[in-house]
Amino acid sequence: MPTVVVANTKGGSGKTTTALVFAGEIVAAGGKVVILEGDPNRPMARWATRRGTPVIEANKTKVGSAADAEGEIRTIAGESRIVVITTDNDDEAVFDWIEGASAWSHFIVADPEGSPNQWLNSVASQADLVLIPFAPTTLDANQVARTIQVIRHIEKMARKTVLHRILVTKASPGAVVTRDEREIRENLAKNGLPLMTTTLHDRPAFRALFKFDALLSDLPVSQAPEHQVNGLAGARADAKALSEEILTLLTQAQEQAA
Amino acid sequence: MSNDPFGFDELAGGTAPKVDTGPDLSRFAPKAKTIDVEKAAAAKAAGEAHGFHSRSPRQPREPAPPARPEPPKAKGKRLVIGRRRRGEGGDIGQLSLTGDPEVLKEFVRRATFERATYVGFLGQMLELWEREHGKLPDDFEI
Ligand SMILES: Nc1ncnc2c1ncn2[C@@H]1O[C@H](COP(=O)(O)OP(=O)(O)OP(=O)(O)O)[C@@H](O)[C@H]1O
Ligand SMILES: [Mg+2]
């Protein structure tokens, strides 16, 4: 039922990968996920179509209410525990899709495009958690700050808080943390910008998700040499840590709200 | 399946406890939620303050409260930032920035970590700096 929005106005920071990794963990745990795609390039819809996961194109499937949206999702889902909805062209209808999806799925995971726009604002306003993936290079720090600014603006105007966390992605695996990364982490912490404990390291297995149109649990897709994937155990460990940390955060938020 | 190669689950009538240690999703069970219209309206206003335009052909559900973005107070030389999206929009603000790399670094540092009202302009300021003063300094760091 919660909505997790993966947002960073910086392109290529690992949003889509993070969204898919988290969605995969929920499915592996027996849950259902709606991936809301706000990217006109539609990487999620392409991934889904190639592997036979149901896709709703919201600009072709007009809905007038949340109940309509829920009906569409149930119909197309069948036995699938993932449904991808591409809604990039409409930041009003997206509210109906969010309401409808929450009635069917355990989680809604939203994957916006890599530039700020009204779709992101609309979806982020309904988020239970905004995850900000952040590849630890200096210039990306600026973009993280931009994203947080959008969130803070919304918080201020709504006089409500939005739970958000920065997630370091594509960090070098292994014991060595680059100087840049360490300084950036220290700076974020010093300035009170909330950081996830989990890191999604730079691993070929994460790139393989889109190469093979797979979830981590599907890899390797066969025993053939060309299907072997490096870094799979590490990627699984990162993914597990990510989902556990997200679920803990959301559990705490639920308890605080109660 | 591969977890249970001998078919113990089936023998037990499918009631054998799952050995899966995956997370418990019971508290996140599907449940229709209603849109938080206040937040939706605030998001709309925030978007308008940033010069975003709705891509929806429909009317908004709730009228957005009037947006009052804080005008940034600038000292020194000002560069005007223009944002144009989809053929519309206009200038959205002015910030203080010179061609001095040290000033730029300090600006980015403060905008990133201290001045929430400035960071929304950061990407554009960097672009603008490059356009006005050439390539960003090599050792450009926060
Ligand atoms: N943890 C990771 N390890 C290795 N490669 C990664 C990781 N995260 C992302 N990548 C790779 O980086 C590239 C960009 O990732 P991704 O598409 O997830 O970013 P994005 O933020 O969604 O980009 P966009 O702004 O274009 O939507 C892809 O090639 C992806 O495979
Ligand atoms: Mg993406």
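Data block above holds the structure.
Draft legend 1. Region of the structure containing the overall build of chain A. When helices and strands are counted, chain A shows nine helices and eight strands. In chain A, which comprises 258 residues, the proportion classed as buried is 61%. Residue pairs in contact within chain A that sit at least 24 positions apart in sequence constitute 77% of those at least 6 positions apart. When the accessible surface of chain A is split by element, carbon and sulfur atoms take 50% of a total near 9600 Å².

Draft legend 2. Up close: the pairing of strand β7 (residues 164–171) of chain A. Residue and element names in this part refer to chain A. Of all eight residues in β7, six are buried; the element is thus mostly enclosed. The pairing of strand β6 (residues 129–134) with β7 spans five bridges and is parallel. Across the sheet, residue Phe-134 finds its bridge partner in β7, namely Val-168.

Draft legend 3. Spatial organisation of helix α4 (residues 93–104) of chain A. Residues and elements named next belong to chain A. Between its first and last C-alpha, α4 extends 17 Å over 12 residues, near the 16 Å set by a 1.5 Å rise per residue. Counting buried residues along α4, 12 of its 12 residues qualify, which places the element largely inside the surrounding structure. Every buried residue belonging to α4 is among Ala-93, Val-94, Phe-95, Asp-96, Trp-97, Ile-98, Glu-99, Gly-100, Ala-101, Ser-102, Ala-103 and Trp-104, and all of these are buried.

Draft legend 4. Inspection of the nonpolar core at higher detail. Grouped together as the largest cluster of nonpolar side chains are 46 residues, with contacts concentrated most on A:Phe107, A:Leu216, A:Leu219, A:Leu242 and A:Ile246. Among the elements that line this core, the one with the most residues is helix α9 (residues 232–257) of chain A, at eight residues. Filtering out sequence-adjacent residues up to four positions away, A:Phe107 remains in contact with A:Met1, A:Pro2, A:Val4, A:Phe22, A:Ile26, A:Lys32, A:Val33, A:Val34, A:Leu247, A:Leu250, B:Leu25 and B:Phe28. If you look at the next biggest cluster of nonpolar residues, it comprises 36 residues, including A:Ala77, A:Val130, A:Val162 and A:Ile166.

Draft legend 5. Layout of the packing of aromatic side chains. With the rule as written, the count across this model stands at two aromatic pairs over all chains. Pairing A:Phe22 with A:Phe107 gives two aromatic rings, centres 5.2 Å apart and planes at 90°, and the pair type is edge-to-face. Here A:Phe107 lies in strand β5 (residues 107–112) and A:Phe22 lies in helix α1 (residues 15–28), a separation of 85 residues in the sequence. Overall, A:Phe22 belongs to the buried group, its relative accessible area being 2%. Residue A:Phe107 is classed as buried on the basis of its relative accessible area, which comes to 0%. With centroids separated by 5.2 Å and ring planes inclined at 50°, the aromatic side chains of A:Phe107 and B:Phe28 adopt a geometry described as tilted. Taken together, the residues span two chains, with A:Phe107 in strand β5 and B:Phe28 in the loop between α1 (8–11) and α2 (37–49).

Draft legend 6. Highlighting the pattern of salt bridges. Residues and elements named next belong to chain A. Per the counting criterion, the structure on display carries 10 salt bridges over all chains. With its nearest N and O atoms 3.6 Å apart, the salt bridge here joins Arg-50 to Asp-213. Linking Arg-50 in helix α2 (residues 43–51) with Asp-213 in the loop between α8 (204–211) and α9, this pair joins segments that are 163 residues apart in sequence. Here Asp-213 falls in the buried class, since its relative accessible area comes to 14%.

Draft legend 7. Focus on the site of ligand 1. Residues and elements named next belong to chain A. Around ligand 1 lies a shell of 16 residues, among which Gly-12, Lys-15, Thr-16, Thr-17 and His-201 are the nearest. Contact between ligand 1 and Ser-13: an oxygen atom at 3.0 Å from a main-chain N or O atom of the residue. In this structure, Lys-170 approaches ligand 1 through a side-chain N or O atom, which is 3.0 Å from an oxygen atom. Residue assignment for the shell around ligand 1 shows that the elements contributing at least two residues are α1, β8 (195–201) and α8. Of the residues that constitute the shell around ligand 1, the class distribution is two nonpolar, eight polar and six charged.

Draft legend 8. Highlighting the side chain of A:Thr3. One can find A:Thr3 in strand β1 (residues 3–6). Judged by its relative accessible area of 0%, A:Thr3 is buried. Side-chain polar atoms of A:Thr3 contact the side chain of B:Lys33, separated by 2.9 Å. Apart from residues lying up to four places away in sequence, A:Thr3 is in contact with A:Ile98, A:Ile108, A:Gln126, A:Ala127, A:Asp128, A:Leu129 and B:Lys33.

Draft legend 9. Inspection of the packing of helix α3 (residues 66–77) of chain A against α4(A) at higher detail. Residues and elements named next belong to chain A. Contact geometry for α3 and α4: axes closest at 7 Å, N-to-C directions at 50°. Put simply, α3 runs oblique to α4. The way α3 lies across α4 gives a crossing that is right-handed. Residues Ala-66, Ala-69, Glu-70, Glu-72, Ile-73, Arg-74 and Ala-77 of α3 pack against Asp-96, Trp-97, Glu-99, Gly-100, Ala-101, Ala-103 and Trp-104 of α4. By residue class, the composition of the contact of α3 with α4 is eight nonpolar, one polar and five charged.

Draft legend 10. Here's a closer look at the pairing of strand β2 (residues 33–38) of chain A. All names here are of chain A. Of all six residues making up β2, six are buried, and the element is well covered by its neighbours. The two faces of β2 match: Val-33, Ile-35 and Glu-37 on one face and Val-34, Leu-36 and Gly-38 on the other face are all buried. As paired elements, β2 and strand β4 (residues 82–86) share five bridges and run parallel to each other. Residue pairing in the sheet places Glu-37 in a bridge with Thr-86 of β4.

Analysis parameters
Residues numbered from 1 in each chain as written. Chains lettered and ligands numbered in written order. Predicted model: local features only at pLDDT ≥ 70, side-chain atom pairs only at ≥ 80, totals over all residues. Heavy atoms only, no water. Helix = DSSP H or I, 4+ residues; strand = E, 2+ residues; numbered from the N terminus. Buried < 20%, exposed > 50% of the residue type's maximum accessible area, 1.4 Å probe, protein only. Contact = heavy atoms within 4.5 Å. Areas by Shrake-Rupley, 256 points an atom, 1.4 Å probe, with all protein chains shown as cover. Pairing = 2+ DSSP bridges. Expected span 1.5 Å × (residues − 1). Core = buried A, V, L, I, M, F, W, Y, C linked by side-chain atoms within 4.5 Å. Phe/Tyr/Trp six-rings, centres within 6.5 Å; stacked < 30°, edge-to-face > 60°. Salt bridge = Lys/Arg side-chain N within 4 Å of Asp/Glu carboxyl O. Near = heavy atom within 4 Å. Polar contact = N/O pair within 3.5 Å; in protein donor to acceptor, adjacent residues only side chain to side chain. Nonpolar A, V, L, I, M, F, W, Y, C, P; charged D, E, K, R; others polar. Axes fitted to C-alpha atoms, helices over the stretch in contact; angles between N-to-C directions. Parallel < 35°, antiparallel > 145°, perpendicular 65-115°, else oblique. Left-handed = near helix turned anticlockwise from the far one by under 90°.

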